[in-house]
Amino acid sequence: MGCVCSKHLGGTRTRHENISLLASQTFFSDAEVEVLHELFTKLTSCVSSDNLITKEGFQFILTKDTKRRSLSTERMFGLFDMRNDEAIDFGEFVHSLNIFHPNSTQRDKALFAFRLYDTRQTGFIEPEEVRRSSLSHKITRTPKVKEN
Ligand SMILES: [Ca+2]
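Summarised in this report is the structure supplied together with it. (Residues numbered from 1 in each chain as written. Predicted model: local features only at pLDDT ≥ 70, side-chain atom pairs only at ≥ 80, totals over all residues.)

**Focus on helix H5 (residues 90-98)**
One turn of an α-helix holds 3.6 residues; hence residues three or four places apart share an orientation.
And then number 1: Residues of H5 that are buried: Phe90, Gly91, Glu92, Phe93, Val94 and His95.
And then number 2: Residues of H5 that are buried sit in contact with helix H1 (15-25), helix H2 (30-47), helix H4 (71-80) and strand S2 (87-88). (Buried ≥ 20, exposed ≤ 12 C-beta atoms within 10 Å, placed from the backbone. Helix = DSSP H or I, 4+ residues; strand = E, 2+ residues; numbered from the N terminus. Contact = placed C-beta atoms within 7 Å.)

Take a look at the structure:
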């Protein structure tokens, strides 16, 4: 599904052109990209003033806690931050969510999941990576409260 071409919704293209470009590069329609833009704007307004999501902001969005470090959250951030510039822009956000689209192939979903566990990026999921990921999930999982 192509590369991430637009760092921000701005620059030389109009907002509509950027929305249409992202829609053409993903399985999302123009209307769905518009909705994702509204969501992204709401998320970034909570954590930054520059329409970018930093690692700390991403951590806060997912866990409501900026102090607790989570291996799975950090790894997920690394996968969303496709340019490795320590921030997630709107284009990266849309392209990353495209992996979870129903029309995304099982192969792409499996590759994303593999990269999530291949924390050392060796091309193999090693026992230590599984152990660390399992511990991370165990630590970050909150117990469910039984409602009456
Ligand atoms: Ca980035």
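Back to the write-up after that little detour.
**Looking at the nonpolar core**
One recurring pattern in soluble globular proteins: nonpolar side chains tend to sit buried together.
And then number 1: If you look at the biggest cluster of nonpolar residues, it comprises 15 residues, and the most contacted ones within it are Val33, Leu36, Ile53, Ile88, Phe93 and Val94.
And then number 2: Looking at this core, the elements that each hand over two or more residues are H1, H2, S2 and H5.
And then number 3: Once you skip the residues sitting within four places of it in the chain, Val33 turns out to touch Ile19, Leu22, Ala23, Phe28 and Val94. (Core = buried A, V, L, I, M, F, W, Y, C linked by C-beta atoms within 7 Å.)

**Comments concerning the packing of H2 against H5**
And then number 1: Close contact between H2 and H5 brings their axes to 11 Å; oriented N to C, the two are set at 120°. The angle between H2 and H5 falls in the class oblique. H5 is crossed by H2, and the crossing has right-handed handedness. Two secondary-structure elements touch here, H2 through Val33, Leu36, His37 and Phe40 and H5 through Phe90, Phe93, Val94 and Leu97.
And then number 2: Tallied by class, the residues present in the contact of H2 with H5 amount to seven nonpolar, one polar and no charged. (Axes fitted to C-alpha atoms, helices over the stretch in contact; angles between N-to-C directions. Parallel < 35°, antiparallel > 145°, perpendicular 65-115°, else oblique. Left-handed = near helix turned anticlockwise from the far one by under 90°. Nonpolar A, V, L, I, M, F, W, Y, C, P; charged D, E, K, R; others polar.)

**Focus on unusual backbone geometry**
And then number 1: Here the phi dihedral of Asn84 falls at roughly 55°; this positive angle occurs in a residue that is not glycine.
And then number 2: Among the secondary structure elements, Asn84 is positioned in the loop between H4 and S2.
And then number 3: Positive phi, close to 55°, is recorded for Gln121, a residue that is not glycine.
And then number 4: Along the chain, Gln121 turns up in the loop between helix H6 (106-117) and helix H7 (127-140).
And then number 5: Residue classification places Gln121 among the exposed residues on the basis of 8 C-beta atoms within 10 Å.

**Some points on the environment of Phe58**
And then number 1: Note on placement: Phe58 falls in helix H3 (residues 55-63).
And then number 2: Overall, Phe58 belongs to the buried group, with 22 C-beta atoms counted inside 10 Å.
And then number 3: In this structure the C-alpha to C-alpha distance between Phe58 and Leu43, which are 15 residues apart in sequence, comes to 9.1 Å.
And then number 4: Apart from the residues lying within four places of it in its own chain, the contact partners of Phe58 are Ile53, Thr73, Phe77 and Ile88.

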